[in-house]
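Coordinate inspection notes
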Amino acid sequence: MEVRVVSWNVLAQVYTRSSWFPHAPTPSIRWKRRFQTIAYYLKHLRADIYLLQEVDNVPEYQELFEQMGYGLKYKRRTGTKKDGSAIAYRSDRFQCMGVQEIEYNELVGYIKDDDEDAEENRNRYHRDCIGILAALKEKGSGKVLCAATTHLFWNPDMNDVKLAQAQLFISRIGHFANSWRTTHTIAGLDANSVPESDVYCVLTGVDPSTTSKRVFSAPFKEYQMRSAYVTATGHNPGFTTHIPQFIAPIDYMLHSPNMEISAILKIAQDGDESIGDGMPNYYHPSDHLPLAADFVL
């Protein structure tokens, strides 16, 4: 039995400013055109489950997925942020048994009052990032799959914040999967971190070299996951985001080690005509590429 999963940072419209993407043709980043192209991708990728980040204009996504025959679970970022993450699943194939939300601001509560620079650290780790997990029961087999998605903090000067968020994300996946007695887990995320980073180490079950996790008194449960692209091809993609000032793989599809992969989506390569001067553009409605894999349950 196979399940196709797509993970994609679709680029929230609230972030599509010409000043941030000066290389993008202005018509290509207008919402109506972008959403038409996003919808085209979502329909033609034909996934059983979509794990999406930077989702705003939620009613339009809800209408699209309803027309496509999908259920949708959405978690908006905390504070004043207008985007969030979503899990969409084929209603004819899956039943959602439960949902758990993650608010990374709770990391602030793990900092002790007597810690050095406690107040500074509380402000540092308060970033309004979130995650969402869903227990999806495959109607034919009765097997339960844990699906998860998140978008870690972006700032390259705050790797300790991203590391702590990754630790909490993986820990919650482990607890959630155990609570549903399933060993089948898939996570899609924009980690804002390259494969050589400590964040990637935590996501794939390797001890990080940094000592930033000492800030927290709460124990984080380790949970082993692997990169789907590494499993299928031996390496992560050359890039998942491509803008003139930054080209790197920072998005990942993760899975529990017991799951096999029968097919993987081949993504664009540097120099491809569709990339042009960078993303977004007329071909790619987001500054991130979608990742997709067919998993064997």
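Now for a quick tour of the structure. Here the structure is a predicted model, which means the values were calculated and not measured.

The next subject is the sheet that holds strand E4 (residues 84-90). Spatially, the six strands line up as an open sheet ordered E3-E4-E2-E1-E14-E13, and their pairing is mixed. At either margin of the open sheet sits one strand with a lone partner, and together these are strand E3 (70-76) and strand E13 (260-264). Strand-to-strand twist across the sheet, computed as the mean angle between neighbouring axes with direction ignored, equals 20°. The pairing of E3 with E4 spans seven bridges and is classified as antiparallel. Looking across to E4, one finds that Lys-73 is bridged to Ile-87. Contacts from helix H1 (residues 31-45) reach strand E1 (2-9) and strand E2 (49-55), with the element oriented near 165° to E1. Running over the sheet, helix H2 (residues 58-68) touches E2, E3 and E4 and is turned about 160° from E3.

Right, let's talk about the nonpolar core for a bit. Residues Tyr-104, Phe-169, Ile-173, Leu-189 and Leu-203 are the most contacted members of the largest nonpolar core, which totals 38 residues. Where this core is concerned, the elements lending two or more residues are helix H3 (118-125), strand E6 (130-138), strand E7 (144-151), helix H4 (159-179), strand E8 (185-190), helix H5 (198-203) and strand E12 (251-255). When residues of this core are assigned to their parent elements, the largest contribution, 10 residues, is made by H4. For Ile-173, the residues in contact, after removing those within four places along its chain, are Leu-133, Cys-146, Ala-148, Thr-185, Ala-187, Tyr-223 and Met-225. In this structure, Val-5, Ile-49, Phe-94 and Ile-267 belong to the second largest nonpolar core, which totals 27 residues.

Turning next to the pattern of salt bridges. Summed over all chains, the structure comprises 12 salt bridges. With its nearest N and O atoms 3.7 Å apart, the salt bridge here joins Asp-83 to Arg-77. Overall, Asp-83 belongs to the buried group, its relative accessible area being 2%. Arg-90 is the salt-bridge partner of Asp-92, the closest N and O atoms lying 3.0 Å from each other. What emerges from the salt-bridge pattern is a single network uniting Asp-48, Arg-90, Asp-92, Arg-93 and Glu-138.

Here is what the cut-offs are and how they apply
- Residues numbered from 1 in each chain as written.
- Predicted model: local features only at pLDDT ≥ 70, side-chain atom pairs only at ≥ 80, totals over all residues.
- Heavy atoms only, no water.
- Pairing = 2+ DSSP bridges.
- Helix = DSSP H or I, 4+ residues; strand = E, 2+ residues; numbered from the N terminus.
- Axes fitted to C-alpha atoms, helices over the stretch in contact; angles between N-to-C directions.
- Contact = heavy atoms within 4.5 Å.
- Core = buried A, V, L, I, M, F, W, Y, C linked by side-chain atoms within 4.5 Å.
- Buried < 20%, exposed > 50% of the residue type's maximum accessible area, 1.4 Å probe, protein only.
- Salt bridge = Lys/Arg side-chain N within 4 Å of Asp/Glu carboxyl O.

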